Amino acid sequence: MATPGHRLPQAIRAARLGRRLTQGQLAAQIGVNQPTISFWERGIETPTVEHLIGLALALPEVVESLEGRERELFQRLLRLERQLFAGRCAPGMHLRLPASPRRRARFLSGPGRGPSH
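Residues numbered from 1 in each chain as written. Predicted model: local features only at pLDDT ≥ 70, side-chain atom pairs only at ≥ 80, totals over all residues. Heavy atoms only, no water.

Draft legend 1. Representation of helix α2 (residues 23-30) within the structure. For α2, the complete set of buried residues consists of Q23, L26, A27 and I30. One side of α2 holds all its buried residues, which, seen down the axis, span an arc of 100°. Looking one or two residues past α2, G31 carries a phi angle of roughly 80°, positive in sign. (Buried < 20%, exposed > 50% of the residue type's maximum accessible area, 1.4 Å probe, protein only. Helix = DSSP H or I, 4+ residues; strand = E, 2+ residues; numbered from the N terminus. Arc of directions from axis to C-beta.)

Draft legend 2. Examining the pattern of salt bridges more closely. Evaluated as defined, the whole model comprises seven salt bridges. Between R19 and E61 there is a salt bridge whose closest N-O contact spans 2.7 Å. Of this pair, R19 sits in the loop between α1 (4-18) and α2 while E61 sits in helix α5 (residues 61-65), and the two are 42 residues apart along the sequence. Residue classification places R19 among the partly exposed residues on the basis of a relative accessible area of 42%. Residue E72 pairs with R69 through a salt bridge whose shortest N-O separation is 3.5 Å. Linking E72 with R69, this pair stays in helix α6 (residues 68-85), spanning three residues, or about one helical turn. The partly exposed category is assigned to E72, whose relative accessible area is 33%. What you see here is one network of salt bridges that share partners, running through R13, R16 and E41. (Salt bridge = Lys/Arg side-chain N within 4 Å of Asp/Glu carboxyl O.)

Draft legend 3. Inspection of the side chain of Q23 at higher detail. Take Q23: it is sitting in helix α2. Residue class for Q23 comes out buried when judged on its relative accessible area of 17%. There is a polar contact of 2.5 Å between the side chain of Q23 and the side chain of Q34. Discounting chain neighbours no more than four positions away, the residues touching Q23 are R16, Q34, I37, S38 and E41. (Polar contact = N/O pair within 3.5 Å; in protein donor to acceptor, adjacent residues only side chain to side chain. Contact = heavy atoms within 4.5 Å.)

Draft legend 4. Local environment of the nonpolar core. Counting 23 residues, the largest nonpolar core has L26, L59, V62 and F74 as the members making the most contacts within it. Of all the secondary-structure elements, those providing two or more residues to this core are α1, α2, α3 (34-42), α4 (49-58), α5 and α6. Take this core: its biggest share by element is five residues, from α4. Once residues within four sequence positions are removed from consideration, L26 is found in contact with I12, R16, L21, I37, L55, A58 and L59. (Core = buried A, V, L, I, M, F, W, Y, C linked by side-chain atoms within 4.5 Å.)

Draft legend 5. Highlighting unusual backbone geometry. At R20, a position not held by glycine, the phi torsion is positive, near 60°. Here R20 lies in the loop between α1 and α2. Using a relative accessible area of 76% as the deciding quantity, one classes R20 as exposed.

Draft legend 6. Geometry of the packing of α2 against α4. The N-to-C vectors of α2 and α4 enclose an angle of 115°; their axes lie 9 Å apart at closest approach. What the angle tells us is that α2 and α4 run roughly perpendicular. Viewed along their axes, α2 and α4 form a crossing whose handedness is right-handed. Contact residues: L26, Q29 and I30 in α2; H51, G54, L55 and A58 in α4. Looking at the contact of α2 with α4 residue by residue, the classes come out as four nonpolar, three polar and no charged. (Axes fitted to C-alpha atoms, helices over the stretch in contact; angles between N-to-C directions. Parallel < 35°, antiparallel > 145°, perpendicular 65-115°, else oblique. Left-handed = near helix turned anticlockwise from the far one by under 90°. Nonpolar A, V, L, I, M, F, W, Y, C, P; charged D, E, K, R; others polar.)

Scope: geometric values only; no functional claims are made or implied.
In C-alpha cells, the structure reads:
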C-alpha cells in the first residue's frame, strides 16, 4: 500500500494514463506546462489548490482513488469551486484563474473590489 505522500502522484499518473492523455495534453487542459505534470507524478512538487481543482475536474478518478482525509478534502474543494463559480462557466468547462496573485485576488473579489494599488 502506498504511503499518504505517494498516493496523489500515483493517482494522477494512473488517471492520466487511463484516459490515454500525454503529460502535455493534461497540462494544456489545466493550464500548466508538461514538466509540472511530470513533477507532480514523481512527487517532486505538489499541485496548488487551484491546480488540484483543475485536476479533479479533468480527472475525477484522482478523487476516487484517494482515501480518508485526502478524499474528503478533495471533495470539499470541488463543492466549494462549484458554489463559488456556479453559472460563471459553460457546462463542462472549469474556471481558469489568473496566474498572478494580484490578478487572482482581483478576480475572486469581483468587479471593482480588487486590491488597491
